Amino acid sequence: MSSAAQTAMDNVSRISDNPKLRDLKNATIDLTNESGLTTDHGVKIPDTDNWLKVSDGQHNGPSLLEDQIAREKIHRFDHERIPERVVHARGFGAHGHFRALNDGASKYTFAPVLTDTSRETPIFIRFSTVAGSRGSADTVRDVRGFAMKFYTPEGNWDLVGNDIPVFFIQDAIKFPDIIHAVKPEPHNEIPQAQSAHNNFWDFTGLQPESAHMVCWVMSDRGIPRSYRMMQGFGVNTYTLINKNGERHFVKFHMTPELGVHSLVWDEALKICGEDPDFHRKDLNEAIENGCPPKWTFGIQVIEEKDEHNFDFDILDATKLWPEELVPVQPIGEFVLDRTVDEFFPETEQVAFCTSHVVPGIGFSDDPLLQGRNFSYFDTQISRLGINWEQLPINRPTCPVLNHHRDGKMNHHINTNNLNYYPNRKDVCHPVPTSEGSYMEFKNKTEGMKQRVRGAKFQEHFNQAQLFYNSLAPHEKAHLIDAMSFELSHCDDLDVPRTYTKLLNNIDFDLAKAVATNVNGIIPEKPARPNHGKKSAALSQDHFLPKTPTIATRRIAILIADDFNYTDVQAIRASLASAKATTWIIGPRRGDIVAESQLGGTVNPTITADHHFEGQRSTLFDAIFVPGGAHAKSLSKNGRAIHWVREAFGHCKAIGAIGDGAAFLKHAINLPEVEIVSDVSKPEVVVSYGVVTIGKYSAGSAAKDVIRLDPNS
Ligand code: HDD
């Protein structure tokens, strides 16, 4: 069977197993084998290219407004756009499924989605950036949204999280302020998809509760390599309710199987221009190449009696629960294994609400979550209309039975004469029931009605310090560079001054380094002592994949005419078996001729996927240069040299054999980088991520070269 036929069969079986995909199938129109264009009212039309006119056949007269076919086409086009999301406008989604791994959660909840190991729950996830418009670039520095919809038989559960475990503000009433501050400035709508401007740093400089989250966004977390290599966090504190009616506080964690990896800033900047859809393509490519991304789903749990036993308030979304104090318990896993059929009806129209939970899962008094529970439903009304939950991507897979009626774009036809409760025919109508229903947890509350925040909400720097202390030295350096970049873009000098003063509350060295770079206030002594504590799970280094892998990594093979054909074939086969993808990059897009092979009469050719300028090194994870006489022309080609130097500067793995290694030596030209280019030497040398071997014997060297993880 061809691989395309196999994929088609796999899709069919996946759809029949997945209740949400089956449901979506009912809303899907397959236009591929259809003929006969029609209007929206279903009448066939003969011509979609010419407006009805008065004409003698030689000359055009006036176009006639009477042309209902042309009018319909233009009307439909004029109204194609809906308001983009007020935040998280740019996003990308995929379908998948979730499975509880064990019954570890049943101590805490009776929700079958988290406890029933025989169940496979369909999910849809939309990843996003926050600040940019729908057309902005994927690799900007920003928080990434991680919004999950679980289609369970008990109703939809939306877990609307981010790739960062804390938030900028503690109370939802501040949300419009932080978003106005980060979005383009109101007078000129500049800058797009950037926090590097006066207003963001002005606001956060005056709002110390943001300090912790600002450190996360300025760290490597703000520029992920891929959606597939991001952690996800529910951020807010939710609650779980078990069958004994006991309640626990909970935070949700999503941990990627591939580890947590980032771009370097120079790459991220360049990719914004070279390929603004980098993350979208990356997710599609992985799913379509049969490498569905996978995450472990974990919970941190705090018993009700321990709520006040921490030196931070566990309901404060600017604080995380250090894993040393509250370990993450893995309870499930999920994969994304199906791309969408059409972007707008699925990814654009999907709509999430934090208030949508299922029995066994509840809220807490986290004041950010309380406000979110109001805001999301409200925004969907303005974006999609009151009947947004009837849209195919949003509707639950279980029955929706109630007396809500009408509204714009209602798609339901209810066949009864009673749209209220109580009514005279209780028996045949949906009636409130306690069986399987969502029941609020009964908890006692008391206090004065007042506009305040709890006492522990007043402390803002301990965890920012904890985060900074926990970073590896290179992560700290990246954070200093990022803050320096951003504050340098604030042309009102008061802004970097205020911010660098605030930074001294987090760390003296950090404040000194940034202030020196941006003309800020250079401190003479720390504003407060550094407590020196660390938490291992706050560094990305903590999240390397359990088994090192190069699956789904993109490897560029640099060649020119007279390359060694056998080297290329061998490395491609090895990389394919490790599920990495290879791309041939040459001096032109088209056939590149190999040097003659032993015993061959015709020189083989390989078609280059791209010209050196057509794709840059930034779009790949590693480079390989085969042996062959092509090394001479590569060494004279400035673009080829730039490829290698740029990749080396971005700390990527670079491999080469024999004469290919001689080219690397010429391009990198640093005495400290040891490169073997002596074609008589069979040993592999690894130096600063450059892996070279002089003499290649099929099967051995190639394996050595590709075994290296580009991130190691
Ligand atoms: Fe929000 C969208 C995540 C606080 C109000 N938010 C939105 C999305 C994500 C988050 C991932 C995109 C959903 C999608 O893909 O459609 N938001 C968060 C997290 C927060 C948070 C992790 C802090 C814990 N948000 C937050 C607050 C408010 C909002 C405090 C308002 C009081 N968020 C919205 C919104 C959006 C939204 C305006 C815009 C589009 C949408 O809801 O559907 O209502």
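Residues numbered from 1 in each chain as written. Predicted model: local features only at pLDDT ≥ 70, side-chain atom pairs only at ≥ 80, totals over all residues. Heavy atoms only, no water.

## Focus: the coordination of the iron atom of the ligand
For step 1, the next point in the chain: Counting protein donors to the iron atom of the ligand gives just one, Tyr-376 (OH), placed at 1.9 Å.
For step 2, the next point in the chain: Tracing the backbone through its elements, the reader meets Tyr-376 in helix α11 (residues 367-384). (Donors = N, O, S within 2.8 Å, 3.2 Å for Na, K, Ca; no water. Helix = DSSP H or I, 4+ residues; strand = E, 2+ residues; numbered from the N terminus.)

## Examining the sheet that holds strand β13 (residues 554-558)
For step 1, the next point in the chain: Strand order in the open sheet formed by seven strands is β17-β14-β13-β18-β19-β21-β20, with mixed pairing between adjacent strands. Across the chains shown, the open sheet's two edge strands, defined by having one partner strand only, are β17 (610-611) and β20 (684-687).
For step 2, the next point in the chain: Bridge count between β13 and strand β18 (residues 622-625): three bridges; the pairing is parallel. Residue Ala-556 lies in a different strand from β18, and its bridge partner there is Ile-623.
For step 3, the next point in the chain: The strands that helix α19 (residues 659-668) touches are β13, β18, β19 (653-657) and β21 (690-693); relative to β19, the one it contacts most, it runs at about 135°. (Pairing = 2+ DSSP bridges. Contact = heavy atoms within 4.5 Å. Axes fitted to C-alpha atoms, helices over the stretch in contact; angles between N-to-C directions.)

## Here's the deal with the UniProt feature "binding site: heme" (unreviewed entry) in the protein chain
For step 1, the next point in the chain: UniProt's feature table lists "binding site: heme" (unreviewed entry) at Tyr-376, given in the numbering used throughout.
For step 2, the next point in the chain: Contact partners of Tyr-376, with chain neighbours within four places excluded, come to Val-160, Phe-352, Cys-353 and Thr-354.
For step 3, the next point in the chain: A polar contact of 2.8 Å, which involves the side chain of Tyr-376, links it to the side chain of Arg-372. (UniProt positions renumbered as here; feature names shortened; annotations may be inferred. Polar contact = N/O pair within 3.5 Å; in protein donor to acceptor, adjacent residues only side chain to side chain.)

## Here's the deal with a negative patch on the surface
For step 1, the next point in the chain: On the surface, Asp-202, Asp-491, Asp-492 and Asp-494 cluster together into a patch of negative charge.
For step 2, the next point in the chain: With respect to the helices and strands, Asp-492 occurs in the loop between α13 (473-488) and α14 (494-503). (Patch = residues over 30% accessible without salt bridge, like charges linked within 9 Å, V, L, I, M, F, W, Y side chains within 5 Å. Areas by Shrake-Rupley, 256 points an atom, 1.4 Å probe, with all protein chains shown as cover. Salt bridge = Lys/Arg side-chain N within 4 Å of Asp/Glu carboxyl O. Lys, Arg positive; Asp, Glu negative; His and termini not counted. Charge placed at Lys NZ, Arg CZ, Asp CG, Glu CD.)

## Points about the pattern of salt bridges
For step 1, the next point in the chain: Taken as a whole and assessed by the stated rule, the structure comprises 33 salt bridges.
For step 2, the next point in the chain: One salt bridge connects Asp-23 with Lys-20, and the closest N-O pair in it is separated by 2.8 Å. Of this pair, Asp-23 and Lys-20 both sit in helix α2 (residues 19-25), three residues apart, which is roughly one turn of the helix. Residue Asp-23 shares its accessibility class with Lys-20, and that shared class is buried.
For step 3, the next point in the chain: When the shortest N-O distance is used, the salt bridge between Glu-613 and Arg-639 registers 3.2 Å. Note that Glu-613 is positioned in the loop between β17 and β18 and Arg-639 in helix α18 (residues 638-649), a separation of 26 residues in sequence.
For step 4, the next point in the chain: Given a relative accessible area of 33%, Glu-613 falls into the partly exposed group.
For step 5, the next point in the chain: Connected through shared salt-bridge partners, Arg-225, Arg-228, Asp-282, Arg-553 and Asp-621 make up one network. (Buried < 20%, exposed > 50% of the residue type's maximum accessible area, 1.4 Å probe, protein only.)

## So, the packing of helix α7 (residues 211-218) against α13
For step 1, the next point in the chain: Following both chains from N to C, one finds α7 and α13 inclined at 100°, their axes separated by 8 Å at the closest point. Relative to α13, the element α7 is oriented roughly perpendicular. Of the residues in α13, those in contact with Val-214, Cys-215 and Met-218 of α7 are His-478, Leu-479, Ala-482, Met-483 and Glu-486.
For step 2, the next point in the chain: Its residues assigned to classes, the contact of α7 with α13 shows six nonpolar, one polar and one charged. (Parallel < 35°, antiparallel > 145°, perpendicular 65-115°, else oblique. Nonpolar A, V, L, I, M, F, W, Y, C, P; charged D, E, K, R; others polar.)

## Describing the nonpolar core
Proteins that are soluble and globular tend to have nonpolar side chains buried together.
For step 1, the next point in the chain: Ranked by internal contacts, the top residues of the largest apolar core, which has 50 residues, are Phe-168, Trp-201, Leu-479, Met-483, Ile-506 and Leu-510.
For step 2, the next point in the chain: Put simply, the parts of the chain that give this core at least two residues each are α5 (175-182), α6 (198-205), α7, α12 (462-470), α13, α14 and α15 (508-518).
For step 3, the next point in the chain: By residue number, the principal contributor to this core is α7, which donates seven residues.
For step 4, the next point in the chain: Setting aside anything within four residues of it in sequence, one finds Leu-510 in contact with Tyr-468, Leu-479, Ile-480, Met-483 and Leu-503. (Core = buried A, V, L, I, M, F, W, Y, C linked by side-chain atoms within 4.5 Å.)

## Quick word on unusual backbone geometry
For step 1, the next point in the chain: Between Ile-190 and the following residue, Pro-191, the backbone shows a cis peptide bond with an omega angle of 0°.
For step 2, the next point in the chain: Along the chain, the position of Pro-191 falls in the loop between α5 and α6.
For step 3, the next point in the chain: The step from Tyr-421 to Pro-422 runs through a cis peptide bond, and the omega angle for that step is 0°.
For step 4, the next point in the chain: Mapped onto the elements, Pro-422 comes out in the loop between α11 and α12.

## Brief notes about the state of the cysteines
Throughout this description, disulfide means a covalent bond between two cysteine sulfur atoms.
For step 1, the next point in the chain: Scanning the model with the defined rule gives zero disulfides in all.
For step 2, the next point in the chain: Cys-272 takes part in no disulfide bond, and the closest cysteine sulfur, belonging to Cys-490, lies 18 Å away.
For step 3, the next point in the chain: Cys-398 forms no disulfide, and the closest cysteine sulfur to it belongs to Cys-353, at a distance of 15 Å. (Disulfide = S-S within 2.5 Å.)

## Thoughts on α6
For step 1, the next point in the chain: Taken across its eight residues, α6 has six buried, putting it largely inside the fold.
For step 2, the next point in the chain: When we look at burial in α6, the residues that qualify are Asn-198, Phe-200, Trp-201, Phe-203, Thr-204 and Gly-205.
For step 3, the next point in the chain: Buried positions along α6 lie against α5, α7, α13 and α14.

## Digging into the site of the ligand
For step 1, the next point in the chain: Lining the immediate surroundings of the ligand are 23 residues, of which Arg-85, Arg-126, Arg-372, Tyr-376 and Gln-380 lie closest.
For step 2, the next point in the chain: Arg-85 places a side-chain nitrogen or oxygen 2.7 Å from an oxygen atom of the ligand.
For step 3, the next point in the chain: The contact in question runs from a nitrogen atom of the ligand to an N or O atom on the side chain of Tyr-376, over 2.7 Å.
For step 4, the next point in the chain: Counting residues per element, the shell around the ligand draws most heavily on α11, at six residues.
For step 5, the next point in the chain: Of the residues in the shell around the ligand, the class split is twelve nonpolar, eight polar and three charged. (Near = heavy atom within 4 Å.)

## What to know about the side chain of Gln-615
For step 1, the next point in the chain: Structurally, Gln-615 can be placed in the loop between β17 and β18.
For step 2, the next point in the chain: Using a relative accessible area of 17% as the deciding quantity, one classes Gln-615 as buried.
For step 3, the next point in the chain: Those residues in contact with Gln-615 that sit more than four places away from it in its chain are Arg-554, His-610, Phe-620 and Trp-643.

## Re the pairing of β13
For step 1, the next point in the chain: In terms of residue burial, β13 counts as a mostly covered element, since five of its five residues are buried.
For step 2, the next point in the chain: Burial along β13 is two-sided: the residues Arg-554, Ala-556 and Leu-558 and Ile-555 and Ile-557 are all buried.
For step 3, the next point in the chain: Where β13 meets strand β14 (residues 581-586), five bridges bridge the pair, whose relative direction is parallel. Each bridged residue has a counterpart across the sheet, and for Arg-554 the counterpart in β14 is Thr-581.
For step 4, the next point in the chain: This β-α-β element, β13 to helix α16 (residues 565-577) to β14, shows right-handed connectivity. (Right-handed = clockwise from strand over helix to strand, strands pointing away.)

## What about helix α8 (residues 265-274)?
For step 1, the next point in the chain: Along α8, the residues classified as buried are Glu-267, Ala-268 and Ile-271. Along α8, the residues classed as buried sweep out an arc of 95° about the axis, all on the same side. (Arc of directions from axis to C-beta.)

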